Amino acid sequence: MDEKDLKSISAGISAEQLHRLYDRLDDEAKPYALRVGTSQEKHRAVTIYCDAENVAYFQNIIDHEI
């Protein structure tokens, strides 16, 4: 994964959704990087960095699986 070619996917999620995201990504085979920050009370700002070819895959996880 070349850092200069990474795409980012950002979302604001609840702490409960963050736990589900961690569980979902625990054994993920596709390369990614995850950054978690604070947003509003009880919400987290998450950003997934991945190759362009995997953007749709990780966007689907954010949109539908957590």
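Look above for the structure.
So, here is what we can say about the structure in this document. (Residues numbered from 1 in each chain as written. Predicted model: local features only at pLDDT ≥ 70, side-chain atom pairs only at ≥ 80, totals over all residues. Heavy atoms only, no water.)

## Focus: helix α2 (residues 55-65)
And step 1. Those residues of α2 that fall on the buried side of the exposure criterion are F58, I61 and I62. Angular distribution of buried residues about the axis of α2 spans 90 degrees; they occupy a single face of the element. Exposed side chains of α2 directed beyond 90 degrees from the buried face belong to A56 and H64.
And step 2. Taken together, the buried residues of α2 touch β1 (7-14), α1 (15-25) and β3 (43-50). (Buried < 20%, exposed > 50% of the residue type's maximum accessible area, 1.4 Å probe, protein only. Helix = DSSP H or I, 4+ residues; strand = E, 2+ residues; numbered from the N terminus. Arc of directions from axis to C-beta. Contact = heavy atoms within 4.5 Å.)

## Regarding the pairing of strand β2 (residues 33-38)
And step 1. Note: β2 against β3, 6 bridges, orientation antiparallel. Residue pairing across strands places T38 opposite R44, the latter belonging to β3.
And step 2. What sits between the antiparallel neighbours β2 and β3 is a turn of 4 residues, in which K42 has the positive phi angle 65 degrees. (Pairing = 2+ DSSP bridges.)

## Things to note about the packing of α1 against α2
And step 1. Contact geometry of α1 with α2 gives a least axis separation of 11 Å together with a crossing angle of 140 degrees. Our classification of the angle between α1 and α2 gives oblique. As for how α1 packs across α2, the hand of that crossing is right-handed. When α1 is examined against α2, the residues L21, R24 and L25 are found in contact with a partner set consisting of Y57, F58, I61, I62 and E65. (Axes fitted to C-alpha atoms, helices over the stretch in contact; angles between N-to-C directions. Parallel < 35°, antiparallel > 145°, perpendicular 65-115°, else oblique. Left-handed = near helix turned anticlockwise from the far one by under 90°.)

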